[in-house]
Amino acid sequence: PANLPPISAAAAAPADPATLYTASGSQIWKSTDAGSTWTMVSHFPSGVSVYGLAVHPTTSSSVYAGTFTLGIHKSINGGLTWMAINNGIPPLPDGNISVGRVWVEPTAPNVIFASSGFGLARSTDAGNTWTLVAGGNSFSILAFDPFTAGTLYFIDGYAISKSTDNGQTFVRLPPLPDKAALFTM
């Protein structure tokens with residue numbers, strides 16, 4: 001459709017590669033034919049933008065969305081309805097719960113990560129409760145090692161940290177040369 005805000009997040013369903021989700025402003029769009037057609041399945045209140053989407057690795061109808069004002073939300077019906085799952089993610093001084101990006105651990109799908117205004121949050125119960133495990137902000141980045149289960153890398157501007165215990169703890173790696181910053185991994 002014309003006049004949509006730019007796409008701010010996208011995610012493919014690992015269990016069903018033809019199922020794709022995108023966020024455009026406050027709207028969630030879904031395709032079940034690998035992007036040939038799209039349907040708006042839901043939208044958050046106006047003024048709320050979705051900046052992160054993640055899909056459960058084996059259940060394509062289970063989706064997580066991160067927003068800068070309402071925190072993290074979960075849908076178990078393919079994005080039709082959403083519920084807030086922010087227990088343990090602290091609000092900012094203005095009361096907003098800032099979450100940018102969201103990730104689901106590919107080999108342990110009950111382990112969810114979210115980059116929040118206070119750092120990297122980790123859930124071991126599919127988002128019911130959260131614990132802050134590293135510093136950072138809503139724009140921080142996480143990447144899973146595709147060859148070693150439980151190993152992941154967390155990037156916060158100039159700092160790269162590594163975890164070998166599925167994100168319970170992180171060890172800072174040597175910095176990149178000349179203060180180079182990472183924006184994706």
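The structure this text deals with has already been given above.
Since this is a predicted model, take the numbers as computed values, not measurements. Residue positions are counted from 1 within each chain, in the order its sequence is given. Per-residue local features are limited, in this predicted model, to residues with pLDDT of at least 70; the limit for side-chain atom pairs, both in listing and counting, is 80 or more; totals at the level of whole chains, interfaces and linings are taken over all residues. Side-chain measures here rest on the full set of heavy atoms in the structure, leaving out hydrogens and waters.

K.L.:
Where do I start with the overall build of the protein chain in this structure?
P.N.:
Across its full length, the protein chain holds 0 helices and 16 strands. Computation of the radius of gyration draws on C-alpha atoms, with the globule rule given as 2.2 Å multiplied by the number of residues to the power 0.38. For a compact globule of 185 residues, the expected C-alpha radius of gyration is about 16 Å, and the protein chain comes in at 16 Å, within 12% of that figure. The contact rule is simple, with two residues in contact once any of their heavy atoms fall within 4.5 Å. Contacts in the protein chain between residues at least 24 apart in sequence constitute 36% of all its contacts with a sequence separation of at least 6. Shrake-Rupley sampling with a 1.4 Å probe provides the accessible areas, and residues are treated as covered by the protein chains on show and by no other component. When the accessible surface of the protein chain is totalled, it reaches about 9,000 Å², and 58% of it is carbon and sulfur. His is not counted, nor are the chain ends; Lys and Arg add positive charge and Asp and Glu add negative charge. For the purpose of locating charges, the reference atoms are NZ of Lys, CZ of Arg, CG of Asp and CD of Glu. Counting 7 positive and 9 negative side-chain charges, the protein chain places the averaged centre of each group 4 Å from the other. Helix and strand labels come from DSSP, where a helix needs a run of H or I of at least four residues and a strand needs a run of E of at least two; each type is numbered from the N terminus.

K.L.:
Quick question: what am I supposed to make of the side chain of S26 here?
P.N.:
Turning to its location among the elements, S26 is positioned in the loop between strand 2 (16–24) and strand 3 (27–31). Here S26 is in contact with S42, H43, F44, P45, V48 and S49, once residues within four sequence places are set aside.

K.L.:
Mind showing me how you'd approach the nonpolar core here?
P.N.:
Considering soluble globular proteins, one finds that nonpolar side chains tend to be buried as a cluster. Core analysis: the biggest nonpolar cluster contains 15 residues, and A23, I28, F44, V50, L53, A65 and W82 have the highest contact counts within it. Those elements giving two or more residues to this core turn out to be strand 1 (7–13), strand 2, strand 5 (50–55) and strand 6 (63–67). Other than its neighbours up to four places away in sequence, I28 contacts T22, A23, T39, M40, V41, S42, F44, V50, L53 and W82. Only buried residues count toward a nonpolar core, which is a set of Ala, Val, Leu, Ile, Met, Phe, Trp, Tyr and Cys residues joined through side-chain atoms within 4.5 Å. Exposed residues in this analysis have more than 50% of their type's maximum accessible area, buried residues have under 20%, and partly exposed residues fall in between, with area computed by a 1.4 Å probe over protein chains only. Formed by 14 residues, the second largest nonpolar core is a distinct cluster that contains I72, V102, A121 and A126.

K.L.:
I tried to follow the packing of aromatic side chains on my own but got confused; where do I start?
P.N.:
Within a pair of aromatic rings, the relevant descriptors are the distance that separates the centres and the angle that separates the planes. Within 6.5 Å between ring centres, the rings of Phe, Tyr and Trp (the latter by its six-membered ring) count as paired, and their orientation is classed by plane angle as stacked under 30 degrees, edge-to-face over 60, tilted in between. Summed over all chains, the structure comprises 4 aromatic pairs. Both rings, one in Y51 and one in F68, keep their centres 4.3 Å apart while their planes meet at 20 degrees; by these two values the pair is stacked. Highlighted residues: Y51 in strand 5 and F68 in the loop between strand 6 and strand 7 (71–75), separated in sequence by 17 residues. Overall, the relative accessible area of 36% leaves Y51 in the partly exposed class. On the basis of relative accessibility, which here comes to 22%, the residue F68 falls in the partly exposed class.

K.L.:
Sorry if this is basic, but what is going on with the sheet that holds strand 11 (residues 119–123) here?
P.N.:
Whether two strands pair comes down to DSSP finding at least two bridges between them. Read across the open sheet, the 4 strands follow the order 9-10-11-12; overall the sheet is antiparallel. The sheet is open, and its two edges are formed by strand 9 (99–104) and strand 12 (131–134), each paired on a single side. Between one strand axis and the next, the sheet turns by 30 degrees as a mean value, whatever way the strands run. Relative to strand 11, strand 10 (residues 112–116) runs antiparallel, the two being bridged by 5 bridges. Bridge pairing in strand 11 links S116 to G119. Structural elements are reduced to axes, namely lines fitted to C-alpha atoms, with helices fitted over the stretch in contact, and the angle between N-to-C directions of any two is expressed from 0 to 180 degrees.

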